[in-house]
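# Understanding the architecture of this molecule
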Amino acid sequence: MKRWLSFLLAAVMLITGTLTICSFAAQSEAQTFLSLLNQRRSAQGLATLGTDGGLMDAAAVRAKEQSVRTSHYRPDGSYFNSVNSKAEAECYWWFEPAETGTAQEALNAFLNSPDHRALLMHRQVRSAGAAYYDTNGRRYWVVLLSTSAASSGGSGGTVGGFTDVHTSDYFADSVLWAVQNRITSGTSGTAFSPYQPCTRAQVVTFLWRAAGSPSGYGSGSSTFRDVPRGSYYDSAVAWAVSRRITNGTAGDRFSPDAVCTRADAVTFLWRYSGSPFTFTTSRFRDVPSGSYYAQAVAWAVNNGISTGTGTNTFSPNNPCTRAEFVTFLYRLKH
C-alpha cells in the first residue's frame, strides 16, 4: 500500500463547474466512507459532517486526476483547490492491486495517519466530499474538506423538493418514485438524508409500504418488547415477521434502531420476494458461500438490484444508506 497521505489548508479559487464521473458503485462506497467517518466523529462527541454535493463531484474529478498525477497539483499544473471553491483540504491515498480499498479500509488508512486524523476529526470542519477511482488495478481515494456548511451543490437541479437530492444523483429517480408511492416522505420537508444509514425499523417500514401497507397488523400485534405499541413501524414489523422477512435479532427483540447492514438489506429484499433459489457463486471476496446472506447477494446481483461496492467487494457489514435502500427497492419494482 502506498501511503500518499497529506492535507493542506489553502486559499480557494472559484471555478465554473464540475463533472460527475462516479459510477453507482463508486458513489455508494464514497457515501459509506462519509457515513463511517461521521460515526467515528459522533463517538468522539463531534458534529457530523454534511455531505456537500459540489465537493462530492470535485472529489470524483480529483480521484481520477490522482491516477494521472499523484500530487496536490492537478495535471494542468493548477493547485487542487481550483477544482471547487469550497475545497480547503485534500487527503489522498492509493491501494495496490492486491488490496481491496473499501470505504472502511480507506477510513482506517486515513485515521492511522496522525495528521489526517487530526484534520478529519477537527471541530472546525463542517462538510466533506469523497470519491475513489479504479484504474490498472489501483484504487485512488480522495477526500475534500471544508469549514463551510454543506450545500446542495452538485450537478443539476434538485428532486422531490429535497435540497439534498440532485437530478445527477444515481438515486434521484428512486427517491422520486419512493415519495410518489408514499414509501417515504424524507426526514424533513426539505431533506431526504440520502447518506444517512437506514435503521431496521425504516427498512421493514419501506417494504411494508411498498407492499401496499397490508391491513390486519394492528397496533400492538408485534410480539417484540422493543417495538412500542403505536410506533410508526409497529404494524410493519408484525407484517415482516408474518412474511418471514425477519424474525428479530434475539428472542423477544427486534432492535428497531439498530443500523441495517447491506447484508441485512438485501436479505430482507430477497425474503420479501419469496426467497427464490439462486446459485451462490459470487465474485465478491467478502461474501462467504455459507453466509446467511450469500444467496440474497447472488440474487440481488443477478437481478440488477446491486452491483456491489467494488469489482470484488459487496461490503456486507457496511451500513445501508437511505439512498441505497430506496434504489434497491426501486430496481426490484422495475
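In this report, the structure presented in the accompanying data block is examined. (Residues numbered from 1 in each chain as written. Predicted model: local features only at pLDDT ≥ 70, side-chain atom pairs only at ≥ 80, totals over all residues. Heavy atoms only, no water.)

Take the packing of aromatic side chains next. In the structure shown here, the tally under the stated rule is 18 aromatic pairs. Centre to centre, the rings of Tyr292 and Tyr293 are 4.9 Å apart; their planes meet at 90 degrees, and the pair counts as edge-to-face. Classification of Tyr292 as partly exposed rests on a relative accessible area of 46%. Take Tyr293: its relative accessible area is 9%, and that puts it in the buried class. Grouped by ring-pair contacts, the aromatic residues Phe33, Trp93, Phe95, Phe110, Tyr132 and Trp141 constitute a single cluster. Its end group placed over the ring of Phe254, Arg200 keeps NZ or CZ at 4.5 Å from the ring centre. (Phe/Tyr/Trp six-rings, centres within 6.5 Å; stacked < 30°, edge-to-face > 60°. Buried < 20%, exposed > 50% of the residue type's maximum accessible area, 1.4 Å probe, protein only. Lys NZ or Arg CZ within 6 Å of the ring centre and 35° of its normal.)

Among the seven residues that make up strand β2 (residues 89-95), seven are buried, leaving the element largely enclosed by the rest of the structure. The two faces of β2 match: Ala89, Cys91, Trp93 and Phe95 on one face and Glu90, Tyr92 and Trp94 on the other face are all buried. Where β2 and strand β4 (residues 138-146) come together, seven bridges link them in antiparallel fashion. Of the residues in β4, the one forming a bridge with Trp93 is Trp141. (Helix = DSSP H or I, 4+ residues; strand = E, 2+ residues; numbered from the N terminus. Pairing = 2+ DSSP bridges.)

Adjacent strands of a sheet form backbone hydrogen bonds with each other and so pair up, either parallel or antiparallel. The sheet built from four strands is open, its strands ordered β1-β3-β4-β2 with mixed pairing. Of all the strands in the sheet, just β1 (50-51) and β2 have a single pairing partner and so form its edges. Looking at chain direction, strand β3 (residues 127-135) and β4 are connected through nine bridges and run antiparallel. Residue pairing in the sheet places Thr135 in a bridge with Arg138 of β4. Where helix α2 (residues 53-66) meets the sheet, it contacts β1, β2, β3 and β4, and its direction lies at approximately 30 degrees from that of β3. (Contact = heavy atoms within 4.5 Å. Axes fitted to C-alpha atoms, helices over the stretch in contact; angles between N-to-C directions.)

Before going further, it helps to examine the pairing of strand β6 (residues 162-166). Buried residues dominate β6, accounting for four of its five residues. Bridging between strand β5 (residues 158-159) and β6 involves two bridges; their strand directions are antiparallel. Opposite Val159, over in β6, you have Phe162 as the bridge partner. Once β5 ends, the chain turns through two residues before running back antiparallel as β6, passing Gly160 with a positive phi of about 65 degrees.

The subject of this paragraph is the packing of helix α8 (residues 262-272) against helix α10 (residues 322-333). At a closest axis distance of 11 Å, the pairing of α8 and α10 adopts a crossing angle of 25 degrees. The angle between the axes of α8 and α10 places the two elements in the roughly parallel class. The chirality of how α8 crosses α10 is right-handed. Residues Arg262, Ala265, Val266, Leu269 and Tyr272 of α8 form the contact with α10, whose own contacting residues are Glu324, Phe325, Phe328, Leu329, Leu332 and Lys333. Of the residues assigned to the contact of α8 with α10, the class counts are eight nonpolar, no polar and three charged. (Parallel < 35°, antiparallel > 145°, perpendicular 65-115°, else oblique. Left-handed = near helix turned anticlockwise from the far one by under 90°. Nonpolar A, V, L, I, M, F, W, Y, C, P; charged D, E, K, R; others polar.)

Moving on, we get to the environment of Arg209. Mapping Arg209 onto the fold places it in helix α6 (residues 200-210). In this structure, the C-alpha to C-alpha distance between Arg209 and Ala178, residues 31 residues apart in sequence, is 9.6 Å. When near neighbours in sequence (up to four residues on either side) are disregarded, Arg209 contacts Arg182, Ile183 and Thr184.

This part is about the nonpolar core. Side chains that are nonpolar tend, in soluble globular proteins, to be buried together. Ranked by internal contacts, the top residues of the largest apolar core, which has 53 residues, are Val165, Leu207, Leu269, Phe325 and Leu329. Put simply, the parts of the chain that give this core at least two residues each are β6, α5 (172-180), α6, α7 (234-242), α8, α9 (294-302) and α10. Those residues in contact with Leu207 that sit more than four places away from it in its chain are Trp239, Ile245, Phe268, Leu269, Tyr272, Phe325 and Leu329. Within the second largest apolar cluster, 28 residues are counted, among which are Leu34, Phe95, Ala103 and Met121. (Core = buried A, V, L, I, M, F, W, Y, C linked by side-chain atoms within 4.5 Å.)

Attention shifts here to the pattern of salt bridges. It is possible for side chains bearing opposite charge to pair when their charged atoms get close. Inspection of the entire model under this criterion finds eight salt bridges. Glu65 serves as the salt-bridge partner of Arg74, at 2.7 Å between the closest nitrogen and oxygen. On the basis of relative accessibility, which here comes to 13%, the residue Arg74 falls in the buried class. The exposure class of Glu65 is buried, given its relative accessible area of 13%. Its salt-bridge partner being Glu96, residue Arg138 comes within 3.3 Å of it at the nearest N-O pair. A residue pair is termed long-range when its members are at least 10 positions apart, and Arg138 in strand β4 and Glu96 in the loop between β2 and α3 (103-111) qualify at 42 residues. The exposure class assigned to Arg138 is partly exposed, which follows from its relative accessible area of 26%. Given a relative accessible area of 18%, Glu96 falls into the buried group. Residues participating in the shared-partner salt-bridge network are Arg62, Glu65, Arg74 and Glu90. (Salt bridge = Lys/Arg side-chain N within 4 Å of Asp/Glu carboxyl O.)

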